[in-house]
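The lines below spell out each chain.
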Amino acid sequence: MDTMTEGNILEVRDLTVRFMMNEGTVHAVNGVTFSLPEGKSIGIVGESGCGKTVSAYSVTQLLPKTARVSGQILFREKEGTITDIAKLPVDGKEIRRIRGQEISMIFQEPMSSLSPVHTVFNQLAEAMILFQGMTKKQARERCVELLKLVGIENAERRVDEYPFQFSGGMRQRAMIAMALARNPRILIADEPTTALDVTLQAQVLSLIQEMQDEFKLSMILITHALGVVAHMVDYIHIMYLGRVVESGPTLEIFENPKHPYTRGLLNSIPKLHGKRGQRVSSIPGAVPSAYSLPEGCVFRARCSERRSACMYEIPRRIQVGSEHYVSCCLYDGEEDQYAANA
Ligand SMILES: Nc1ncnc2c1ncn2[C@@H]1O[C@H](COP(=O)(O)OP(=O)(O)OP(=O)(O)O)[C@@H](O)[C@H]1O
Ligand SMILES: [Mg+2]
């Protein structure tokens, strides 16, 4: 029998995802572990290609057939039983139930989840009629209510329009309404604002946050920008080349970052009150190809603090605070210190 830590709604353990391609094997996710406490929010942060989307898609089994997944994805059902999503048959009834009414996703590009050939009403109402047993009339009232809630004006009229009649910002709002129409317990938002201009980005992010509060959702917010999650999530998980290299409470990550990669990401956030002309430094180099993983620490080629051990040792996950973990050779031995002081 699988067990989970009390208070967690989702636990991903040692998740590995490979893609078998003609050119070789893509090591997209390499032993990722994170948990989502019920009613809380976590941010998954890392540069492009670090495996954020692939990790998120694993949770709802939206990966293409070329993917090979191993590890556990434990989900606590309403009645308390635990389902290992990784073991569910692909496209079976169970995973469709979970996608339909337990875990909703918001994508970067709204048109990837909104159908161009159905009205907004038909798309929003589907889950309500299918899973929540509403009549068409009840579903209509709820759809209008949801569209108003996400800030769409003239909702009574717009509910019968097609997504192409909506502007970019409105589509993003409609997609959020669609995710909420399923009455989910978990919301996964994958770079929900990168396609929008800066003013809209802020509006959509605060809308997502309001909705999380209003519906008491547990949320995973995925982004490459550490600055975006600062005010939005309770915990942060920093990913690099398919691994979580550091995780902890948001304040702790900002005030006491341990991994050189986390520090690099923090230094690349433009500072609102920074000195004029102060340069924002980006991390030199690029994320290596996921076709062949480097030996030892995957970040070492870009790390200014690398040591000889980093060449061949895969860093262990070391506890450096009550909920703060880092995988980096620089902290070897600190776990014992933490335990001794705790
Ligand atoms: N369907 C696929 N087939 C083969 N490789 C894939 C597939 N999807 C993703 N990958 C590879 O897996 C790795 C992780 O990709 P992923 O999309 O999860 O990155 P990401 O962190 O979400 O990046 P971004 O910030 O650009 O969205 C990358 O090397 C990517 O090229
Ligand atoms: Mg992505």
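Remember, predicted model here, so these are calculated numbers, not experimental data. (Residues numbered from 1 in each chain as written. Chains lettered and ligands numbered in written order. Predicted model: local features only at pLDDT ≥ 70, side-chain atom pairs only at ≥ 80, totals over all residues. Heavy atoms only, no water.)

Around ligand 1, 15 residues are found, and the nearest of them are Ser48, Gly49, Lys52, Thr53 and Val54. One nitrogen or oxygen atom from the main chain of Cys50 is found 3.1 Å from an oxygen atom belonging to ligand 1. The separation between an oxygen atom of ligand 1 and a polar main-chain atom of Gly51 is 3.0 Å. Isolated, ligand 1 exposes 640 Å² of accessible area, and the fraction of that covered by the protein chains is 68%. Of all the secondary structure elements, the ones that give two or more residues to the shell around ligand 1 are strand E1 (8–21), strand E2 (24–37) and helix H1 (52–59). A total of three residues in the shell around ligand 1 trace back to one element, the largest contributor, which is H1. By residue class, the composition of the shell around ligand 1 is eight nonpolar, four polar and three charged. (Near = heavy atom within 4 Å. Polar contact = N/O pair within 3.5 Å; in protein donor to acceptor, adjacent residues only side chain to side chain. Areas by Shrake-Rupley, 256 points an atom, 1.4 Å probe, with all protein chains shown as cover. Helix = DSSP H or I, 4+ residues; strand = E, 2+ residues; numbered from the N terminus. Nonpolar A, V, L, I, M, F, W, Y, C, P; charged D, E, K, R; others polar.)

Below, the discussion takes up the nonpolar core. Counting residues in hydrophobic clusters, the biggest one holds 96 residues, and the most contacted among them are Leu10, Ile176, Ile188, Ile220, Leu226 and Tyr261. Of all the elements, helix H6 (residues 168–181) adds the most residues to this core, at nine residues. When residues of this core are sorted by domain, at least three fall in each of domain 1 (8–102 + 185–294) and domain 2 (114–183). Not counting residues up to four positions away in its chain, the partners in contact with Ile188 are Ala56, Val59, Ile103, Ser104, Met105, Ile106, Ile220 and Ile222. (Core = buried A, V, L, I, M, F, W, Y, C linked by side-chain atoms within 4.5 Å. Buried < 20%, exposed > 50% of the residue type's maximum accessible area, 1.4 Å probe, protein only. Domains from an automatic or database assignment. Contact = heavy atoms within 4.5 Å.)

Further remarks concern the pattern of salt bridges. Counting across every chain of the model gives 18 salt bridges. For Lys137, the salt bridge identified is with Glu141, shortest N-O distance 3.8 Å. With Lys137 and Glu141 both in helix H4 (residues 136–149) and four residues apart, this pair spans about one turn of that helix. Judged by its relative accessible area of 62%, Lys137 is exposed. Notably, a salt bridge pairs Lys148 with Glu156, separated by 2.9 Å at the nearest N-O pair. Judged by its relative accessible area of 46%, Lys148 is partly exposed. Residues participating in the shared-partner salt-bridge network are Glu38, Glu77, Lys78, Glu94, Arg97, Glu102 and Arg185. (Salt bridge = Lys/Arg side-chain N within 4 Å of Asp/Glu carboxyl O.)

Shape is all these values report; function is a separate question.
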